[in-house]
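Analysis of the macromolecular model
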Amino acid sequence: MPGVLVAGGWGLLAGSALVVGALIGYLVRIPAGAVAAVMAFGSGVLLSAVSFELIAEAHDQGGLLPTALGAVAGALIYTLANVALARRGARHRKRSGGQQPSESEQSGSGTAIALGALLDGVPESIVIGTSLLGGGAVSVVTVAAVFISNVPEGLSSASGMRRAGRGRGYVFGLWAGIAVISGLAAMLGYGVLGGASGAVLAAITALAGGAILTMVADTMIPEAFENAHLWIGLITVAGFLTAFGLSQLES
């Protein structure tokens, strides 16, 4: 099977966790503390993946300068895009409580939330695609980390969307669409960057890492802290060690 299709399949698999989480979050009324705990665990998983899979890999590929520049660029791009979307109603897109505005409260917030979800998911998927370059196997840790973290993302956000009065068609259509786009982004990462130099790949990988790290700090940890602040540190470390353990098994 062509590598680009393999990359797309892995990206779609990781993105499908958003749909799983959305189904749970929209159809099952889960206590806020449980949602926060799952979000904290997912935050720890992503923090580990960024540290040991993305930033470390970028440094090995291209050295410190491309890695640092890429990470800063990723953080800056994500922050600027997130600020623009927040002004249109997407600031609390991953919050499970009543923070998300309804369409009647803020016109255009539904579109902004959809774009925000896209902003959160694309960098992860591109990295999945690039991990297959050079004929190697996909980074199981990266896929597992994205999958594990996507479940609480979809769960928390869909729960908040239900509270804001958004219908099933919007919620499940949004997350199914993001899952498909995740597969396409992985294909893009594999197909477009196949001939890139080590320094370019390092910068792209670090850019995704910087964007993901910024996303965790800006959207996931606040949701976790809201209702699980007494336990957030312990739960986050558990997620971090889970992903780290997977990376050690892979190596």
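Treat the numbers as computed from the prediction; the structure is a model and nothing was measured. Residue positions are given per chain, counting from 1 as you read along its sequence in written order. In keeping with the model being predicted, local features are shown solely for residues with a pLDDT of at least 70 and side-chain atom pairs are shown and tallied solely at 80 or more, while totals for entire chains, interfaces and linings include all residues. Side-chain numbers come from the whole structure's heavy atoms, not from hydrogens or water.

1. Regarding the packing of aromatic side chains
Stacked, edge-to-face and tilted labels apply to pairs of Phe, Tyr and Trp rings (six-membered ring for Trp) whose centres lie within 6.5 Å, assigned for plane angles under 30 degrees, over 60, and everything in between, in that order. Per the counting criterion, the structure on display carries three aromatic pairs. Centre to centre, the rings of Phe52 and Phe240 are 5.7 Å apart; their planes meet at 65°, and the pair counts as edge-to-face. Placement of Phe52 in helix α2 (residues 32–62) and of Phe240 in helix α8 (residues 232–250) is noted, with a sequence separation of 188 residues between them. Within the aromatic cluster, the residues linked to one another by ring pairs are Phe52, Phe240 and Phe244. In this scheme, Lys NZ or Arg CZ marks a charge over a ring once it lies within 6 Å of the ring centre and within 35 degrees of the ring normal. The ring of Tyr170 is capped by Arg166, whose NZ or CZ atom sits 5.6 Å from the centre of that ring. Secondary structure elements follow DSSP: runs of H or I of four or more residues count as helices, runs of E of two or more count as strands, with numbering from the N terminus.

2. Overview of helix α5 (residues 140–163)
Look at α5: 35 Å from first C-alpha to last across 24 residues, which is about the 34 Å you get at 1.5 Å a residue. By the criterion of burial, α5 is predominantly enclosed, with 20 of the 24 residues buried. Directly after α5, the chain includes Gly165, whose backbone phi takes a positive value near 90°. Expected span of a helix, by definition, is 1.5 Å for each gap between consecutive residues, and there is one gap fewer than residues. Here's how the labels work: a residue is buried when its accessible area is under 20% of the maximum for its type, exposed when over 50%, partly exposed in between, all with a 1.4 Å probe on protein chains only.

3. Brief notes about the packing of α2 against α5
To get an axis, a line is fitted to the C-alpha atoms, and for a helix only the part in contact is used. The angle between two axes follows their N-to-C directions and goes from 0 to 180 degrees. Relative orientation of the contacting elements α2 and α5 amounts to 150°, with a least axis distance of 8 Å. By the angle between their axes, α2 is roughly antiparallel relative to α5. Handedness of the crossing formed by α2 with α5: left-handed. Contacts between α2 and α5 involve Val35, Val38, Met39, Phe41, Gly42, Val45, Leu46, Ala49 and Glu53 from the first element and Val141, Thr142, Ala145, Ile148, Ser149, Pro152, Glu153, Leu155 and Ser156 from the second. Residues of the contact of α2 with α5, tallied by class, amount to twelve nonpolar, four polar and two charged. What sets the label is the angle itself: under 35 degrees gives roughly parallel, over 145 gives roughly antiparallel, 65 to 115 gives roughly perpendicular, and the rest give oblique. Note: crossing handedness is left-handed where the near helix turns anticlockwise from the far helix by less than a right angle, and right-handed where it turns clockwise. In what follows, residue pairs with any heavy atoms lying within 4.5 Å of each other are defined as contacts. Each residue gets one of three labels, nonpolar for Ala, Val, Leu, Ile, Met, Phe, Trp, Tyr, Cys and Pro, charged for Asp, Glu, Lys and Arg, and polar for the others, Gly among them.

Limitation: the analysis is restricted to geometry and does not speak to function.
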